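# Inside the fold
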Amino acid sequence: MTLMSDPGRRTGGEPFDPGAAAARATGAILADTLRGEARGVVVDSPPGAGKSTLVVRAALELAAAGRSLMVVAQTNAQVDDLVLRLAEKQPELPVGRLHSSDADPYDPALNELEQVRKSAKAGDLAGLPVVISTAAKWAHVRNVDPWEHAIVDEAYQMRSDALLAVAGLFERALFVGDPGQLDPFSVVGADQWAGLSYDPSASAVSTLLAHNPELPQHRLPVSWRLPASAAPLVSGAFYPYTPFRSGTGAGDRRLSFGVPSDGSGPDRVLDEAAESGWGLLELPARRTPRTDPEAVRAVALVVRRLLDRGGAAVSEREPGPVPLTPGRIAVGTAHRDQAAAVRAALAELGVSGVTVDTANRLQGREYDVTVVLHPLSGRPDATAFHLETGRLCVLASRHRHACVVVCRAGVAELLDEHPSTEPVQLGVTVKFPDGWEANHTVLAHLAEHRVPWRP
Amino acid sequence: MSLIGTLARLEAVESGHAQPLATVRHRHLSDRPLVLVPLTTAGEAGAPLGALVGTDPERPRLLAVPQPRDRELRFGFLAELADAVLPYLEGYVSEVEPAEQSATDPETGKKVKVEVELCADAPQLIVPSRAGAEYVRLLGRSMRFRRTAEQDPETPFPAPPRVPLLGRWLTHYGERGRVPGSALLLTATELLGRHWATGQSSLEDQHLGALLAWVDAPAGETGAAAALRAELDRDDEGQLRCPPAGPATDPAFDNKLLAPAVERYDRARQLLAEAADGEAADRLLGELHGAEEAVRRLLLSQLRPTWDAVWRTVGLLRELAPGARVAERWTRDRWSFTGHRDRVAAGEPPQPRRDDAVTAARKLAARESAQAQLEAQEALDDPLVMAGRRLAGEAFAAQVVEVTMAWTESKRPSPRPLLTVRTDDTPHLAERVKVFRSLDGKPQSAEFVRYEEDGSAVLRLLDRMGRAREPAEGSVPEKGDLITWTLFEHEQRTGAGLPEPEDTPWTHGGPPRTDPESPDPVTPEDLL
């Protein structure tokens, strides 16, 4: 991996300068993208490492160099977000937004932007410096001249078959994504292709690199989102061979409450999380249905108390403390029915405006505080779904200040009773760390911030 | 497992009998299916031991290999299997009906309709279990690259004439069997498991005998007790009374009965080869036939219970009326069968060993859309399945309590009536979430607008109301109507176009090789 950029480790006693390390990495990426010989460049970006900033910057520089550019994102929300970011950075750059022919296919905010042309037909957008759309929409584009360059965003979440459908549209591409997040999946079995370099259910990047191992690979070395309390754990548990660091120091982020603790479990775990960045609210061991009513209520209570106690966050972004409003809080779950149950419990407690979603849908998002219902809480078994490394990684890496995990006791024993038993497929690169190991690492760390509570 | 599935299993445990998971049959059943019960040799992957095959429950055809390690005998078995299966398959190729298919005109590049043949019916293969279906694939894989003496006079071990062809058909059936909802290749365990819930784990449901015991327990006995008997009961000789459904055999059978019988056969053959004169040879030939007959009897004792269980399964399933959309899925199977018939007739080479990138992606896309379609269709066909979706928050039954007419704000206003509905279900509704109902068999969509104070939901109807300002008659629900809405779509959009294999891009290794595949090389394992 000689092509990897400097992972940002402290070397030779020099104080680590996150800004400089990130700038070096970005410079190398842009140099390879704009002036390199390779047809593709791959960038691994840990959570909150400035992936979107990199995509915007690369897009602007490619456009400035006169290369026709298409951008492939995975969801419409990501596409609209990118268009808005581009417009913010360079309002005079004409941008094409290719959209579906459904009703309300894009964010109405784009209507305010004169330089953004919107169409459901790629032909209408020909000649614009930048055209942006989802992978699903690009797959329908036919009979057009190929673009000189493409940027593929969230490439690790894109399936190999989706890349197959769009790769004919561009000459060269920059692939950006987070290898630690959830792998793409298929609702039907795809075992028969496991081990093939172009397994359609694998991630786009694994197929790309299997066929083009010589492509330069880079890595963003600094997480600007994760606080100093979280980066070492997330890096160690999910990126053991490609470590990254927090862009902020231990004292740069602070969380405080206007109202003192009432001594209850939720309040104590909030104090612990405010102090250390992590909190584990541990309910008594019990086997429960997925929508464990006690755990769901505990999650809702923690959120309620977070708001009631007048939380305020201090960070490097703002000079003073910023009140913790519902929009800056998220609840993460493994399953949709759990999210629905938490939403209902929150509504019962009169809380609105807090994002509640599954790990899949929280990917790429950022909040001040997150409350997580542990995927293995109350389960009788640990299936591959619940052990998936990416699921836990997403849930544990959305926060800027603190993360509170709500869980039933006994998960460590559950893990010991259920070692991973997935069949080993010939030709498939084994992913390290496996979910079992990552779960143990995270649990061991959370145990130091444990607040046992009997509701 | 879905919540309703878990509940059904709990009820099965409590009552001791399997509980229905469906009120209609969700798979097509042919009037004349071909049942195949294969057995394989322990420790010899791909060495068939025997099979029962046929379309008549009373008259199965027994195929047996008295010495499974003998390549000649193995080829003999495959030739006999081809003789039993191919006439059945070929019985369906010539009865056709005209059908239309869209194709791209090579000159204009436009989509045009072309008239093609569609087989009026298709042959259906039923095997006991998933392992049996896997064995069909294995047989297909082992046969389709064989060369006959006619294809290649130099080949050291020419395969009997029709064996490669059978390999291609079994490969096709094996692949089609992976498409959700398809019925060309069915397994008895999956048929039962789809329609009934037992009080045992899904792993235990892989045992056809135990599964059938739950679903169809003898009078006066609980399913649990019958299933336990099916799993464990042995006779005085230590043999299972309900032998495994194969293709693997019970080790006790292998060791105590089969091995001595095969040894006797080997010995008889050896002696026959060394026979000194005609008289001795005659006697020894008799002994050889006797030995072979003994192996056949043994195999029949293992195969017949499974054979009967498969037909019993077919009988149980036939008692259920087919779901309304089952025939539509069967038509897809007929297309699949017709397509392969045409490829064989056109002299195309056998299916490649591995799919190329584009073919793999196409298959995956087709199966994913078949899966979504199957889930939607089963729910629409069957109130019990729909109840499961309602319990999961993916559908809801609601009564219309108010209809308020409204229109779009445009030059030519279109109707967008607001429906206030009341439901006891708990669907996962959020603003702008689309819901669908079936209107004359076609989906009509609406979007969720808001919850009212009293908990009723407001939906905005979006389509299928005609072009006029006033909605077409019958297209808008009326007050008092009880309607089931789903949060999932009823029909699948056709997937995005993938490139042609010869246009495979650089990210996926470029175009695949096009030279025909060579036959499997002969390895030392082939020459025992």
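Residues numbered from 1 in each chain as written. Chains lettered and ligands numbered in written order. Predicted model: local features only at pLDDT ≥ 70, side-chain atom pairs only at ≥ 80, totals over all residues.

### What to know about the overall build of chain A
Counted only if it meets this: Per the convention used, a helix needs a DSSP run of H or I reaching at least four residues, while a strand needs a run of E reaching at least two, with both numbered from the N terminus. Taken over C-alpha atoms, the radius of gyration is set against a globule rule of 2.2 Å times the number of residues to the power 0.38. Buried, partly exposed and exposed are defined by the number of other C-beta atoms within 10 Å of a residue's own C-beta, namely 20 or more, between the two limits, and 12 or fewer respectively, with C-beta atoms placed from the backbone.
In terms of regular secondary structure, chain A is built from 15 helices and 19 strands. Against the globule reference of 23 Å for 455 residues, chain A gives a C-alpha radius of gyration of 22 Å, in line with a compact fold. Structurally, chain A occupies a C-alpha span of about 65 × 55 × 55 Å along its principal axes. When each of the 455 residues of chain A is scored for burial, the buried share is 51%.

### Description of the overall build of chain B
Condition: By the convention adopted here, residues make contact when the C-beta atoms placed from their backbones lie within 7 Å.
Secondary structure assignment for chain B yields 12 helices and 15 strands. Along the longest, intermediate and shortest principal axes, the C-alpha atoms of chain B span 105 × 70 × 45 Å. Here chain B holds 528 residues, and 38% of them are scored as buried. Put simply, 65% of the contacts in chain B that link residues at least 6 apart link residues at least 24 apart.

### Some thoughts on unusual backbone geometry
Residues and elements named next belong to chain B. With omega at 0 degrees, the peptide bond leading from Gly246 into Pro247 counts as cis. With phi around 60 degrees, Arg464 is a residue other than glycine that occupies positive phi space. As for its position among the elements, Arg464 is in the loop between β14 (457–461) and β15 (482–486). For Arg464, a count of 16 C-beta atoms within 10 Å translates into the label partly exposed.

### Some remarks on the sheet that holds strand β7 (residues 170–177) of chain A
Residues and elements named next belong to chain A. Just so we agree on the cut-off: Between any two strands, at least two bridges found by DSSP are needed for them to pair. Each axis is a line fitted through C-alpha atoms, and for a helix only the stretch in contact is used; angles between axes span 0 to 180 degrees, taken between their N-to-C directions.
Strands sit in the order β4-β3-β5-β2-β6-β7-β1-β8 across an open sheet of 8 strands; the sheet is parallel. The outermost strands of the open sheet, each flanked by one partner alone, are β4 (116–119) and β8 (217–219). Averaged over all neighbouring strand pairs, the angle between strand axes comes to 20 degrees, with direction disregarded. Bridge analysis of strand β6 (residues 147–152) against β7 gives 5 bridges, and the strand direction is parallel. Following the sheet pairing, Ile151 is matched in β7 by Leu174.

### Comments concerning the domain arrangement of chain B
All names here are of chain B. Using the following cut-off: Segment limits for the domains were obtained from an automatic or database-derived domain assignment. Note on residue classes: Ala, Val, Leu, Ile, Met, Phe, Trp, Tyr, Cys and Pro are nonpolar, Asp, Glu, Lys and Arg are charged, and everything else, Gly too, is polar.
Split by domain assignment, chain B resolves into domain 1 (3–23 + 31–251 + 300–353) and domain 2 (380–486). Once you take the C-alpha centre of each, domain 1 and domain 2 turn out to be 42 Å apart. In this complex, domain 1 contributes 9 residues to the contact, which on the side of domain 2 involves 10 residues. Residue composition of the side of domain 1 that touches domain 2, grouped by class: 6 nonpolar, 2 polar and 1 charged.

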